[in-house]
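# Fold and geometry: a report
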Amino acid sequence: MDKLFQKLGIVPNNKDLYRLAFSHSSYVNERHLKADYERLEFLGDAVLDLVVSDYLYRHSDKKEGDMTKIRASYVCENACFRYASDLEFSNYIKVGHGEELEGGRYKKVILADIFEAFMGAIYLDLGYDTVRKVLLEIIVPYIEDESVTFFHDYKSSLQEFIQTEQRTLQYKVIKEEGPPHQRTFTVQVSVDDIIYGTGTANSKKEAEQEAARSALEKLAR
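Residues numbered from 1 in each chain as written. Predicted model: local features only at pLDDT ≥ 70, side-chain atom pairs only at ≥ 80, totals over all residues. Heavy atoms only, no water.

### Quick word on the overall build of the protein
- A count of helices and strands for the protein gives eleven helices and three strands.
- Each principal axis of the C-alpha atoms in the protein carries an extent, and together these give about 55 × 45 × 25 Å.
- In the protein, buried positions account for 44% of the 221 residues.
- If you take every contact in the protein between residues at least 6 apart in sequence, the share linking residues at least 24 apart comes to 56%.
- Element-wise, carbon and sulfur atoms account for 48% of the exposed surface of the protein, whose accessible area totals about 12400 Å². (Helix = DSSP H or I, 4+ residues; strand = E, 2+ residues; numbered from the N terminus. Buried < 20%, exposed > 50% of the residue type's maximum accessible area, 1.4 Å probe, protein only. Contact = heavy atoms within 4.5 Å. Areas by Shrake-Rupley, 256 points an atom, 1.4 Å probe, with all protein chains shown as cover.)

### Describing the packing of helix α6 (residues 77-86) against helix α8 (residues 108-126)
- The contact between α6 and α8 brings their axes to 8 Å, and the two run at 80°. The pairing of α6 with α8 is recorded here as roughly perpendicular in orientation. Mapping the contact onto sequence places E77, N78, C80, F81, Y83, A84 and S85 in α6 and K108, V109, L111, A112, F115 and E116 in α8.
- Residues belonging to the contact of α6 with α8 are distributed by class as follows: eight nonpolar, two polar and three charged. (Axes fitted to C-alpha atoms, helices over the stretch in contact; angles between N-to-C directions. Parallel < 35°, antiparallel > 145°, perpendicular 65-115°, else oblique. Nonpolar A, V, L, I, M, F, W, Y, C, P; charged D, E, K, R; others polar.)

### Some details on the packing of aromatic side chains
- Scanning all chains against the criterion turns up twelve aromatic pairs.
- Measuring from centroid to centroid gives 5.5 Å for Y18 and F118, while their planes differ by 55°, and the two rings are tilted. A residue pair is termed long-range when its members are at least 10 positions apart, and Y18 in helix α2 (residues 15-21) and F118 in helix α8 qualify at 100 residues.
- F118 gets classed as buried once you look at its relative accessible area, which sits at 0%.
- Each member of the aromatic cluster is reached from another via a ring pair, and the members are F5, Y18, F22, Y74, Y83, F89, Y92, F115, F118, Y142 and F150.
- Taking the ring centre of Y171 as reference, the NZ or CZ of K155 above it sits at 4.8 Å. (Phe/Tyr/Trp six-rings, centres within 6.5 Å; stacked < 30°, edge-to-face > 60°. Lys NZ or Arg CZ within 6 Å of the ring centre and 35° of its normal.)

### Focus on helix α5 (residues 64-75)
- Helix length check: α5 (twelve residues) gives 16 Å between terminal C-alpha atoms against 16 Å at 1.5 Å per residue, within 8%.
- The complete set of buried residues in α5 reads M67, A72, S73, Y74 and V75.
- Those residues of α5 hidden inside the fold are in contact with α4 (38-59), α6, α8 and α9 (128-144). (Expected span 1.5 Å × (residues − 1).)

### A closer look at the environment of N91
- Counting through the fold element by element, N91 comes out in the loop between α6 and α7 (97-101).
- Taking the relative accessible area as the measure of exposure, N91 reaches 55% and is therefore exposed.

### A few points about the side chain of S190
- On the secondary structure map, S190 appears in strand β2 (residues 184-191).
- What S190 contacts, discounting residues up to four positions off in sequence, is T168, L169, Q170, I195 and Y196.

### Things to note about the sheet that holds strand β3 (residues 194-201)
- Taken in spatial order, the three strands line up as β1-β2-β3 in an open sheet, and their pairing is antiparallel. Looking at strand neighbours, the two that pair on one side only are β1 (169-177) and β3, the edges of this open sheet. Adjacent strand axes in the sheet meet at a mean angle of 20°, parallel and antiparallel pairs treated alike.
- Judged from the eight bridges that link them, β1 and β2 form a sheet pairing that is antiparallel. Residue pairing across strands places L169 opposite V191, the latter belonging to β2.
- Across the sheet, helix α10 (residues 154-163) touches β1 and β2, and the angle it forms with β1 is around 145°.
- Taken strand by strand, helix α11 (residues 204-219) contacts β1, β2 and β3, and its axis lies near 140° from that of β3. (Pairing = 2+ DSSP bridges.)

### A few points about the layout of surface pockets
- Estimates place the volume of the largest pocket at around 1100 Å³.
- Surrounding the largest pocket, 40 residues form its lining, D45, E77, S203, K205 and E206 being those nearest its centre.
- Of all the secondary structure elements, the ones that give two or more residues to the lining of the largest pocket are α4, α5, α6, α8, α10 and α11.
- Counted by class, the lining of the largest pocket contains twelve nonpolar, ten polar and 18 charged residues.
- Here the second largest pocket defines a volume of roughly 420 Å³. (1 Å grid on protein atoms, 1.4 Å probe; cavity = no way out; pocket = protein on both sides within 12 Å on 5 of 7 lines; lining within 4 Å. Points joined across faces, edges and corners; volume = space filled by probe spheres on them.)

### Let's talk about the nonpolar core
- Core analysis: the largest hydrophobic core is formed by 53 residues, its most contacted members being F89, F115 and F118.
- Of all the secondary-structure elements, those providing two or more residues to this core are α1 (2-8), α2, α4, α5, α6, α8 and α9.
- Ranked by the residues each element gives to this core, the list is headed by α8, at eleven residues.
- Those residues in contact with F115 that lie beyond four places of it in its chain are C80, Y83, A84, L87, F89, L135 and I138. (Core = buried A, V, L, I, M, F, W, Y, C linked by side-chain atoms within 4.5 Å.)

Have a look at this one:
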């Protein structure tokens with residue numbers, strides 16, 4: 001992990017935090033350890049949102065709604081997966097035997113979650129100024145390269161579409177499958193109580209986006 005620290009230009013105080021950030025629940029369960037990366041992921045998610053929000057506020061004059069859409073593109077699962085892949089996080093992830101056989105250290109959802117957990121670890125260990133510097137060095141080049149888009153907000157597009165016709169929109173989780181560390185969610189979206197789309201993904205947010213995309217395709221016909 002020292003190579004990673006050098007690449008990011010940081011000198012950690014508490015390496016145990018970073019080891020925790022790379023510990024998947026399957027690894028923790030197999031070894032009967034106390035904690036996995038999920039609490040750090042929760043914290044890192046909030047830090048990531050704040051850093052990107054602050055950057056967009058200071059470096060653009062766009063309206064709130066536009067900044068919200070831009071931020072979503074650079075804090076979403078696809079974006080975090082790219083950042084983690086660029087930094088070769090797969091070399092450091094600790095997963096259980098079964099997850100290893102299933103290619104867990106290369107899965108998008110796991111890499112994306114661990115990127116957030118790692119940023120949570122930097123925040124706790126070295127403070128906001130350091131994690132902000134690290135995140136901006138990673139993310140700003142992608143923001144400046146306007147040809148790169150990680151995320152299309154299908155939910156917002158669907159909301160805008162139905163608002164013009166004063167119709168009601170509702171998302172509902174209809175199925176949850178798999179072990180806690182590898183959940184799969186299926187979501188239905190209905191317009192005026194009529195089901196228009198279904199989506200399945202490893203998070204509720206992604207499943208909702210897939211359902212919205214499916215609904216837009218149907219409504220556009």
